[in-house]
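Listed here are the chains, written in short residue letters.
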Amino acid sequence: MKIKNIMKTAGKVLLGLLILLVIFLLILFTYHRIMLNKEDELLKNYPGQIVEVSGHNMNVYAEGDGEHTLVFLAPAGDTSPALTFKPLYSKLNGEYETVVIEKFGYGMSDVVDSDRDYLTMVNECREALSKADVEAPYILCPFSKSGIDALIWAQEYPDEVEAIISIDMAFPEAYSETELPENGSTGLISVLKEMGFVRFFVNNGMYPDIYSSEEKAMLSALICRKYSNCVYVNEILTLPEACNLINSRSKPDIPIHLFLTNASGTGMDKQTWHGFSQNYVKDMKNVTVTEFDCSHGSIVNEKSEQMYKDIKAFIENLDN
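This text gives an overview of the structure that appears in the document. Since this is a predicted model, take the numbers as computed values, not measurements.

Cut-offs applied
- Residues numbered from 1 in each chain as written.
- Predicted model: local features only at pLDDT ≥ 70, side-chain atom pairs only at ≥ 80, totals over all residues.
- Heavy atoms only, no water.
- Helix = DSSP H or I, 4+ residues; strand = E, 2+ residues; numbered from the N terminus.
- Expected span 1.5 Å × (residues − 1).
- Polar contact = N/O pair within 3.5 Å; in protein donor to acceptor, adjacent residues only side chain to side chain.
- Contact = heavy atoms within 4.5 Å.
- Axes fitted to C-alpha atoms, helices over the stretch in contact; angles between N-to-C directions.
- Parallel < 35°, antiparallel > 145°, perpendicular 65-115°, else oblique.
- Left-handed = near helix turned anticlockwise from the far one by under 90°.
- Nonpolar A, V, L, I, M, F, W, Y, C, P; charged D, E, K, R; others polar.
- Phe/Tyr/Trp six-rings, centres within 6.5 Å; stacked < 30°, edge-to-face > 60°.
- Pairing = 2+ DSSP bridges.
- Core = buried A, V, L, I, M, F, W, Y, C linked by side-chain atoms within 4.5 Å.
- Buried < 20%, exposed > 50% of the residue type's maximum accessible area, 1.4 Å probe, protein only.

Re helix H4 (residues 118-131)
Line of reasoning, step 1. Given a rise of 1.5 Å per residue, 14 residues ought to cover 20 Å, and the 20 Å separating the end C-alpha atoms of H4 matches this to within 8%.
Line of reasoning, step 2. Between the side-chain oxygen at the start of H4 and the backbone nitrogen of Leu119 there is a gap of 3.4 Å, and the oxygen is on Asp117.
Line of reasoning, step 3. Trailing H4 by a residue or two, Asp133 shows a phi angle of about 60°, which is positive.

And the structure:
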């Protein structure tokens, strides 16, 4: 009889906890939707202009003027590229035209759930630049995984790319050492994001003081909207094909400047990470290097002043 009463009591407790959990989830989901609507107004001030590419909206931020055009390409999964690169382009746009492309799934661009092969993505970027009246040639400035985009761009359209400034960019060999996720591996994270759980881990104090309070709020808002969306997964799935395409072609005959970090945050040691870039550029003629003792993800925030100086020197050498 006692066991029966204990089981009955336990059942009531579990039922009560389940009800509380459902109520909590409903409240969280409702709060998340309210905040999304509220943030719509905030994000109207997000930098850039929307252009139509392949029937969808893509955001392109362009500022400054000069003889050279620097095009920044975002790292994988960056939720707000037009703000991510601000510590660097804010120093450069007094002397050069600086542009940030937010590919589909990034920043204020549409999330497009389709195969994301890299040549298609490069052509989408080219179309976006054309519609934003940004003319070639470009100095491509890829950060991390977007190095794959930059190499394909330079191989496929050499007349459009006068140089590459690598912001600790990835080279094809890096992905032969990386275990790529299977399709749908971020499904649970996406569900948690849609429920509003990401808001527990985001606050405006995460960001450096170069950003205004409004920009910090935008950064947080876009993490809650774009984090771990389907585009990021679909890009990863086509990486092997993209790396094979690069390796099947001649290396681009253009100047390259490498900004390298201590590899913290890449999942690899410094020697291995640096080896990928060194192996790729060893036969290339015009390569310069700057090494920083900082993590992979912090390079733009922490080293923008020295990067500005080295970029300026690199471009001056292009003109000589």
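Topic: helix H10 (residues 270-281)
Line of reasoning, step 1. Taking 1.5 Å per residue as the helical rise, H10 with its twelve residues ought to reach 16 Å, and the 17 Å between its terminal C-alpha atoms agrees with that figure.
Line of reasoning, step 2. Contacts made by the buried residues of H10 are with helix H5 (147-156), helix H9 (239-247), strand E7 (256-260) and strand E8 (287-291).
Line of reasoning, step 3. The N-capping residue of H10, defined by a side-chain oxygen 3.1 Å from the backbone nitrogen of Gln271, is Asp269.

Here we look at the packing of H5 against H9
Line of reasoning, step 1. Orientation of H5 relative to H9, taken along the N-to-C sense of each, is 40°, at an axis distance of 10 Å. If you check the angle between H5 and H9, you find them oblique. Considering how the two elements wind past one another, H5 and H9 form a crossing that is left-handed. Between H5, through Ile148, Leu151, Ile152 and Gln155, and H9, the contact on the second element is made entirely by Leu239, Ala242, Cys243, Leu245 and Ile246.
Line of reasoning, step 2. For the contact of H5 with H9, the residue count by class is eight nonpolar, one polar and no charged.

A word on the packing of aromatic side chains
Line of reasoning, step 1. Within the structure shown, the criterion is met by eleven aromatic pairs.
Line of reasoning, step 2. Aromatic side chains Phe24 and Phe200 sit 6.4 Å apart centroid to centroid with 15° between the ring planes, which places their arrangement in the stacked category. With a gap of 176 residues between them, Phe24 in helix H1 (residues 2-42) and Phe200 in the loop between helix H6 (187-195) and helix H7 (213-226) connect regions that are remote in the sequence.
Line of reasoning, step 3. The interplanar angle of 10° and the centroid separation of 5.9 Å between the aromatic rings of Phe259 and Phe292 together place this pair among those described as stacked.

Some remarks on the sheet that holds strand E6 (residues 161-167)
Line of reasoning, step 1. Spatially, the eight strands line up as an open sheet ordered E1-E2-E4-E3-E5-E6-E7-E8, and their pairing is mixed. Of all strands in the sheet, those with a lone pairing partner are strand E1 (49-53) and E8, marking the two edges. Across the sheet, the axes of successive neighbouring strands diverge by a mean angle of 25°, strand direction being ignored.
Line of reasoning, step 2. The pairing of strand E5 (residues 138-142) with E6 spans three bridges and is classified as parallel. Residue pairing in the sheet places Ile139 in a bridge with Ala163 of E6.
Line of reasoning, step 3. Contacts from H10 reach E7 and E8, with the element oriented near 180° to E7.

Describing the nonpolar core
Line of reasoning, step 1. The biggest cluster of nonpolar side chains holds 50 residues, and the ones touching the most others in it are Leu129, Ile148, Trp153 and Ile164.
Line of reasoning, step 2. For Ile148, the contacting residues outside a window of four places in its chain are Tyr118, Ala170, Phe171, Pro172, Tyr175, Leu239, Ala242, Cys243 and Ile246.
Line of reasoning, step 3. Counting residues in each nonpolar core, the second largest holds 44 residues, with Phe72, Phe85, Ile165 and Leu222 among its members.

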